[in-house]
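An overview of the molecular structure
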Amino acid sequence: GDRTISRPPAVMGELILALIVFFASHAGPAMPRVRPRLICRLGRAGYLAIYSAVSVATTAWLLAALITAPVVPLWPPAPWQHAVAAGAMLLACIALAAALLVPNPLSVGRPAPPDRIAPLLAVTRHPLLLALGLWAAAHALANGDLAAQIVFVPLALFSFAFMAVIDRRRRRDWGEAAWRARSASTSLLPFAALVSGRAAAPGFPQTVAVGATGLALFAALAALHGRIIGMDPFWLWP
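Residues numbered from 1 in each chain as written. Predicted model: local features only at pLDDT ≥ 70, side-chain atom pairs only at ≥ 80, totals over all residues. Heavy atoms only, no water.

Further remarks concern the overall build of the chain. Scanning the chain from terminus to terminus reveals nine helices and zero strands. Looking at the chain residue by residue over its 238 residues, the buried ones come to 38%. Considering only contacts in the chain between residues 6 or more positions apart, those separated by 24 or more positions represent 72%. Summed over its atoms, the accessible surface of the chain is roughly 12700 Å², and 73% of this surface lies on carbon and sulfur atoms. (Helix = DSSP H or I, 4+ residues; strand = E, 2+ residues; numbered from the N terminus. Buried < 20%, exposed > 50% of the residue type's maximum accessible area, 1.4 Å probe, protein only. Contact = heavy atoms within 4.5 Å. Areas by Shrake-Rupley, 256 points an atom, 1.4 Å probe, with all protein chains shown as cover.)

If you want it as structure tokens, here you go:
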């Protein structure tokens, strides 16, 4: 069922603090002057290990603070909101599968040589950020309370805005000519390269593999959501 609304509203200090720490831990190391220094001191493997551990810890803290935050309703829940959110989550799981399976030198995800641009990146060159943005937007829509909006709206905006940040970073690091050549068959907006004719449709085997993995992820999340988070994502459906 839904999170209880019986507790009185209170100042959500821990939730806001967790959100600030989450963004600081991700934005700080991404700064051009900070990241090279950290890699130089820690080594690339050490940097990635510590960054991953901090990311998991801050994400877990943020979600724990959200679950325990007092509920201040902003709008009543409706079945259509959960239906749209479920559709967005299915797309998010497919995008996450692409980020896990497809090597990508243009964005965060599986590393690859700069000139190895997989055909599936024609859909979007930022599948991991797209997955995170869709996940956050879906949960902002499905949870009409103040705490959810405090967390999920900034996360969605951060995810979509960070796509442009990474594009600028790659353009700066590679140079304009190399950036244009390597990104020509991809797009920031999903499917834009395919619609404009700048890229051919991805190959069938890789598309099926990503789609099947995404469906499996979606099924697993739907089955475990209630047990882990304490809320059934389909509780409003007839």
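Structure shown, so let's carry the discussion forward.
A few words on the layout of surface pockets. In this structure, the second largest pocket encloses a volume near 370 Å³. Put simply, the parts of the chain that give the lining of the second largest pocket at least two residues each are helix H4 (79-101), helix H5 (127-142) and helix H9 (204-229). Ranked by the residues each element gives to the lining of the second largest pocket, the list is headed by H4, at four residues. Counted by class, the lining of the second largest pocket contains 15 nonpolar, three polar and no charged residues. (1 Å grid on protein atoms, 1.4 Å probe; cavity = no way out; pocket = protein on both sides within 12 Å on 5 of 7 lines; lining within 4 Å. Points joined across faces, edges and corners; volume = space filled by probe spheres on them. Nonpolar A, V, L, I, M, F, W, Y, C, P; charged D, E, K, R; others polar.)

With 19 residues, the main nonpolar core has Leu15, Leu62, Leu66, Ala147, Val151, Phe152 and Leu155 as its most contacted residues. Broken down by element, this core gets its largest block of residues, seven residues, from helix H6 (residues 146-174). (Core = buried A, V, L, I, M, F, W, Y, C linked by side-chain atoms within 4.5 Å.)

Turning next to unusual backbone geometry. Of note in the backbone geometry, Phe191 takes a positive phi value of approximately 70° without being a glycine. By the element assignment, Phe191 lies in the loop between helix H7 (176-183) and helix H8 (192-196). The partly exposed category is assigned to Phe191, whose relative accessible area is 46%.

We now examine helix H3 (residues 44-68). Over its 25 residues, H3 extends 36 Å from the first C-alpha to the last, a length consistent with the 36 Å expected when each residue adds 1.5 Å. Residues of H3 that are buried include every one of Tyr47, Ser55, Thr58, Leu62, Ala65 and Leu66, and no others. (Expected span 1.5 Å × (residues − 1).)

All told, the structure shown has four salt bridges when counted by the stated rule. With a closest N to O distance of 3.4 Å, Arg172 and Asp173 form a salt bridge. Taking the relative accessible area as the measure of exposure, Asp173 reaches 48% and is therefore partly exposed. Across the pair Glu176 and Arg180 runs a salt bridge, and its minimum N-O distance is 2.8 Å. Here Glu176 and its partner Arg180 are both found in helix H7, four residues apart, which amounts to about one turn of the helix. Under the relative-accessibility criterion, Glu176 is labelled partly exposed at 35%. (Salt bridge = Lys/Arg side-chain N within 4 Å of Asp/Glu carboxyl O.)

Attention now moves to the packing of aromatic side chains. The final tally for this structure, using the stated rule, is five aromatic pairs. Arranged with centres 5.6 Å apart and planes meeting at 75°, the rings of Phe22 and Phe23 form a pair that is edge-to-face. Members of the aromatic cluster, joined through ring pairs, are Phe22, Phe23, Phe158 and Phe162. (Phe/Tyr/Trp six-rings, centres within 6.5 Å; stacked < 30°, edge-to-face > 60°.)

Right, let's talk about the environment of Ala95 for a bit. With respect to the helices and strands, Ala95 occurs in helix H4. For Ala95, a relative accessible area of 8% gives the class buried. Along the primary structure Ala95 and Leu130 are separated by 35 residues, whereas in three dimensions their C-alpha atoms are 6.7 Å apart. Look past the residues within four positions of Ala95 in its chain and what remains in contact with it is Pro127, Leu130 and Ala131.

This part is about the confidence of the model for the chain. Of all residues in the chain, 90% have pLDDT values of 70 or greater, and the mean over the chain is 86. Note that pLDDT drops below 50 for residues 1-10; the model gives that stretch 26 contacts with residues more than four away or on any other chain. (pLDDT = per-residue confidence, 0-100.)

Next up on the list: the environment of Ser107. Along the chain, the position of Ser107 falls in the loop between H4 and H5. Residues Ser107 and Phe162 lie 55 residues apart in sequence; the distance between their C-alpha atoms is 9.9 Å. Setting aside residues up to four positions removed in sequence, Ser107 forms contacts with Arg125, His126, Leu129, Ile166 and Arg170. A polar contact of 2.7 Å, which involves the side chain of Ser107, links it to the side chain of His126. (Polar contact = N/O pair within 3.5 Å; in protein donor to acceptor, adjacent residues only side chain to side chain.)

Okay, the environment of Pro77 next. The topology assignment puts Pro77 in the loop between H3 and H4. With a relative accessible area of 41%, Pro77 lands in the partly exposed category.

For the rest of this paragraph, the subject is the packing of helix H2 (residues 34-42) against H3. Axis separation between H2 and H3 bottoms out at 6 Å; the angle between their running directions is 115°. Taken together, the axes of H2 and H3 are roughly perpendicular relative to one another. In this structure, H2 crosses over H3, and the sense of that crossing is right-handed. For the pair H2 and H3, the contacting residues are Arg35, Leu38, Ile39 and Leu42 in the first and Arg44, Gly46, Tyr47 and Ile50 in the second. Of the residues in the contact of H2 with H3, the class split is five nonpolar, one polar and two charged. (Axes fitted to C-alpha atoms, helices over the stretch in contact; angles between N-to-C directions. Parallel < 35°, antiparallel > 145°, perpendicular 65-115°, else oblique. Left-handed = near helix turned anticlockwise from the far one by under 90°.)

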